[in-house]
Each structure stands twice: as structure tokens, then as C-alpha cells.
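# A structural walkthrough
Here is how the chains run, residue by residue.
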Amino acid sequence: DQQVKQNSPSLSVQEGRISILNCDYTNSMFDYFLWYKKYPAEGPTFLISISSIKDKNEDGRFTVFLNKSAKHLSLHIVPSQPGDSAVYFCAADDGTSYGKLTFGQGTILTVHP
Amino acid sequence: ETGVTQSPTHLIKTRGQQVTLRCSSQSGHNTVSWYQQALGQGPQFIFQYYREEENGRGNFPPRFSGLQFPNYSSELNVNALELDDSALYLCASSIGTRAFNEQFFGPGTRLTVL
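Within every chain, residues take consecutive numbers counted from 1 along the sequence as written. Whichever chain is written first is A, and whichever ligand is written first is 1; the rest continue in order. Residues qualify for local features only when their pLDDT is at least 70, as the model is predicted, and side-chain atom pairs are given and counted only at 80 or more; totals for whole chains, interfaces and linings, by contrast, use all residues. Calculated side-chain values reflect all of the structure's heavy atoms, with hydrogen atoms and water omitted.

## Focus on the nonpolar core
Take the buried Ala, Val, Leu, Ile, Met, Phe, Trp, Tyr and Cys residues and link them wherever side-chain atoms come within 4.5 Å; each set so joined is a nonpolar core. Partly exposed residues are those whose accessible area sits between 20% and 50% of the maximum for their type, while under 20% is buried and over 50% is exposed, using a 1.4 Å probe and protein chains only. Grouped together as the largest cluster of nonpolar side chains are 23 residues, with contacts concentrated most on Phe-33, Trp-35, Leu-73, Leu-75 and Tyr-88 of chain A. Among the elements of the structure, strand E3 (19-25), strand E4 (32-38), strand E5 (45-51), strand E7 (62-67), strand E8 (72-77), strand E9 (86-93) and strand E11 (107-112) of chain A are those that each provide at least two residues to this core. Numbering goes from the N terminus for both helices and strands, where a helix is a DSSP run of H or I of at least four residues and a strand is a run of E of at least two. A total of four residues in this core trace back to one element, the largest contributor, which is E9 of chain A. If we ignore the near neighbours within four places in the chain, the residues touching Phe-33 of chain A are Tyr-25, Ile-48, Ser-49, Ile-50, Ser-52, Leu-66, Leu-73, Ala-91 and Ala-92 of chain A. Grouped together as the second largest cluster of nonpolar side chains are 20 residues, Val-4, Trp-34, Phe-60 and Leu-111 of chain B included. It only takes one pair of heavy atoms within 4.5 Å for two residues to be counted as in contact.

Below, the structure is given as C-alpha cells:
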């Protein structure tokens, strides 16, 4: 039962353009969402998060949008840079007292110079 | 400030054996969570340790067990290894137990079970 899904295994974008990574979820109990970035041979690194009481959160070039009614969130990267090339995971927290994150399968982003 | 470190980097075991993986948390972090990442999948939560006790567990059998030490470092033990246990094992440390407390991940241990 995949509660968090990233349906695009990969995305290729030209440098300077916008990258949009998508994530869908099924569990209505999720109340906090996070995006992580992972480079090869490194652990995931926190990128940006959003609480379920908000519909947008922005941090520099990164913006996360949350559509609760559609159970959908997206990460926008503008402008995209070659150094953004990595695997991006969305993750969700169901509000339990311990830090269980439910991750999607990941999307490989490639930004071409 | 030292980040999260894990040892060993790679490990090869045979089915039925036991393995111990180690994690040193980031300085000042009192909580450690362990994840299993199979090839092509996202990390899957195994359990969390806080104040040297298991604080929560995902859908993993009891042959997956752990420890947390007074210095907050942690071990993951897996008994009776199965082929499906082959994966990247990640630990993450944080200040506080909730998932919105930023978790800092180590580079992982790649376990191969033959």
C-alpha cells in the first residue's frame, strides 16, 4: 500500500527553466509534508516543508504547493541549476509522537546546462 | 560540527547470518531513526530510538532490533538475514521525536545478502 506516490521516475529540464516535481498521497491523517534531496553516496538532505494548514511555502528558489482536497503536493524549482540534479523524495508525517516519515519512490531530476 | 556517520559503508552477508550496523548521531541530537531503502524505492521507516528506548516502529518484524547508547549513538541489528534484507540502511538524527523536527541523514550502509 503506497501511501505516498511520485509517479514520475525522472524529469529532465534545461538550466534556467522551471522544474516541477509532483507527489500524491492517500492518507488523510498526514499533516506535515517534506521534500528531501539526495545525491549519490550521500544521505537525503532536507529541502523544504509545509504544514497541512498552509497551501504554499517558499524558500529562495524552492516553493512547495499543497492541495489538500486533491491530496497533491508539488515542488517548484525556479530557476533550475545543474547542481539541482539529484533524486527528490517527498515525505509525509502522520502526526504520531515519533518521527515516522512515509516516503515516495523518488524522482530523478536532471538539469542540463 | 560533525554530521551523522554510519559504519560500515558496505557489507556482504549470507542468508541466515546476523548483522550489526552503527550510527553516530550529530552532536546534540538525542533521537535516532532508522530507515531501509530498497533499490528504486524511497526510504521505509524501521524504528526510532529516544532516551535509549524504542519510541516507535514501522512494519518490520522483531528480528530487526536496535539500541541507543547514552551518547545517543545507535545500532541496528538484523537476525536471520533474508535475501530481501539487501538494501541501503539509513540512520537519521534529530533534536526531538516528531517528524517535523529536521532529520539529518547519514550516507547509509549498503547491505548485500547472498
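Past the structure itself, the notes keep going.
## Some points on the environment of Asp-31 of chain A
Positionally, Asp-31 of chain A belongs in the loop between E3 and E4. Sequence separation between Asp-31 of chain A and Ser-52 of chain A is 21 residues; the distance between their C-alpha atoms is 4.9 Å. Excluding residues within four positions of it along the chain, Asp-31 of chain A makes contact with Ser-51, Ser-52, Asp-93, Asp-94 and Gly-95 of chain A together with Arg-98 of chain B.

## Overview of the interface of chain A and chain B
Size of an interface: often given as the accessible area lost when the parts come together. With 23 residues of chain A at the interface, the matching set in chain B holds 23 residues. A 1.4 Å probe defines the accessible area here, and the buried area is the portion of it lost by two parts on being joined, summed over both. For the pair chain A and chain B, the summed buried area comes to about 1,700 Å², and 58% of that belongs to carbon and sulfur atoms. When the buried surface of chain A facing chain B is broken down by residue, Tyr-98, Gly-99 and Phe-103 of chain A rank first, second and third, together holding 28% of it. Salt bridges are counted wherever a side-chain nitrogen of Lys or Arg sits within 4 Å of a carboxyl oxygen of Asp or Glu. There are one salt bridge connecting chain A and chain B. Salt-bridge contacts for Arg-98 of chain B lead to Asp-93 of chain A; the nearest nitrogen and oxygen are separated by 3.0 Å. Sorting the residues of the side of chain A that touches chain B by element identifies E4, E9 and strand E10 (101-103) of chain A as the ones contributing at least two each. At four residues, the largest contribution of residues to the side of chain A that touches chain B is made by E4 of chain A.

## Looking at the pattern of salt bridges
Scanning the entire structure with this criterion turns up seven salt bridges over all chains. One salt bridge in this structure joins Lys-56 of chain A and Glu-58 of chain A, with 4.0 Å as the shortest N-O distance. You can call Lys-56 of chain A partly exposed: its relative accessible area is 43%. Here Asp-84 of chain A and Arg-61 of chain A are joined by a salt bridge, their closest N and O atoms 2.8 Å apart. One end of the pair, Asp-84 of chain A, is in the loop between E8 and E9; the other, Arg-61 of chain A, is in the loop between strand E6 (56-59) and E7, and 23 residues separate them in sequence. Several salt bridges share partner residues, and in doing so they unite Arg-63, Glu-82 and Asp-85 of chain B into one network.

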